Amino acid sequence: LPHFDGKKSLHQVVIDSALDMNTVTESARSLLYWGVIRMIDMITYRNIYIPTMKLRELQNSRPLQTQCVSYCMANPELARPRFSKAYRVLCSLSHDKRLKQVCEENALSADDNIDVIKLLTFARVHRFVRRMHHFPIWTGHPSYQGRKEDTKHKESQPKSTPPMLMLLDGSNCYDYIAVTMGMTVDEVEEECTEGQFKEEILVIVRMSQGGSTVDNP
């Protein structure tokens, strides 16, 4: 249980605990079922988040505010962060801004003593924010409804379709594609936006379908 500290991925827990992946996964599922832990995605500066309606609860609850600033302190030896500053960062989250851009716009400095990754972790656990995902669509994919069935389009399709392109049907996000292809998320994004078929790939930013999930509460 001590290994589930909010900083480690399941893979890292496997390494640190000297247990196999199946044991760690089943333990996590059991703890999740009983409400002992909550699983969220890995917070990174490249991700996009948006506030939820529950963020109002943070504004109206003094105990939650105290928990928030205590958890997100970058340096425990310095004064606690001002709640107003931390709250402003959360309110600044938008569907068209990566977390890095939000931090830059709020001019966060060492004097603010805010660890943004921990702030977002706190917000995700309490469902104050949700993550937006990137869903790429290859316009040459058989399931793409908008593509034209003309000779010119068929001739433009690669004779041997790269495996990754077949995953770009609009239902798979960057994270899923990265895991499936054994790539990093940055590599998937670069391939979709700068790669050989970039002119044929549309990228939609939205929440995952199906509402709240284990990785997107």
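Look up: the structure comes first, before these words.
Notes on the structure follow. All values reported here derive from a predicted model rather than from experimental measurement.

**Looking at unusual backbone geometry**
In this model, Ala18 sits at a positive phi of 60°, which is unusual for a non-glycine residue. Relative to the assigned elements, Ala18 resides in the loop between α1 (10-17) and α2 (21-33). On the basis of relative accessibility, which here comes to 70%, the residue Ala18 falls in the exposed class. Despite not being glycine, Asn113 shows a phi value in the positive range, around 55°. Tracing the backbone shows Asn113 in the loop between α6 (99-105) and α7 (116-125). What makes Asn113 buried here is its relative accessible area of 2%.

**A short note on the nonpolar core**
Membership of the largest hydrophobic core comes to 25 residues, with the highest contact counts inside it found for Leu58, Leu90 and Leu120. If you list the elements that add at least two residues to this core, you get α3 (55-60), α4 (62-71), α5 (83-92), α6 and α7. Other than its neighbours up to four places away in sequence, Leu90 contacts Pro51, Leu55, Leu58, Leu119, Leu120, Ala123 and Val129. One finds Met164, Leu165, Tyr174 and Ile201 within the second-largest nonpolar core, a separate group that totals 12 residues.

**Here we look at the sheet that holds strand β2 (residues 129-138)**
Reading across the sheet, the 3 strands line up as β1-β2-β3 and stay open at both edges, with antiparallel pairing between neighbours. Edge positions in the open sheet fall to β1 (48-51) and β3 (201-206), since each of these has one partner strand only. Averaged over all pairs of adjacent strands, the angle between their axes in this sheet comes to 30°, without regard to strand direction. Across 6 bridges, β2 lies against β3 in antiparallel orientation. Following the sheet pairing, Ile137 is matched in β3 by Leu202.

**Here's the deal with the environment of Val102**
Tracing the backbone through its elements, the reader meets Val102 in helix α6. C-alpha of Val102 to C-alpha of Ser92: the two residues are 10 residues apart in sequence and 6.4 Å apart in space. Those residues within four positions of Val102 in sequence are excluded, and the remaining contacts are Val89, Ser92, Leu93 and Lys97.

**A word on a negative patch on the surface**
Taken together, Glu187, Glu190, Glu191 and Glu194 make up a surface patch of like negative charges. Turning to its location among the elements, Glu191 is positioned in helix α10 (residues 185-194). Given a relative accessible area of 33%, Glu191 falls into the partly exposed group.

Conventions we followed
Residues numbered from 1 in each chain as written. Predicted model: local features only at pLDDT ≥ 70, side-chain atom pairs only at ≥ 80, totals over all residues. Heavy atoms only, no water. Helix = DSSP H or I, 4+ residues; strand = E, 2+ residues; numbered from the N terminus. Buried < 20%, exposed > 50% of the residue type's maximum accessible area, 1.4 Å probe, protein only. Core = buried A, V, L, I, M, F, W, Y, C linked by side-chain atoms within 4.5 Å. Contact = heavy atoms within 4.5 Å. Pairing = 2+ DSSP bridges. Axes fitted to C-alpha atoms, helices over the stretch in contact; angles between N-to-C directions. Patch = residues over 30% accessible without salt bridge, like charges linked within 9 Å, V, L, I, M, F, W, Y side chains within 5 Å. Areas by Shrake-Rupley, 256 points an atom, 1.4 Å probe, with all protein chains shown as cover. Salt bridge = Lys/Arg side-chain N within 4 Å of Asp/Glu carboxyl O. Lys, Arg positive; Asp, Glu negative; His and termini not counted. Charge placed at Lys NZ, Arg CZ, Asp CG, Glu CD.

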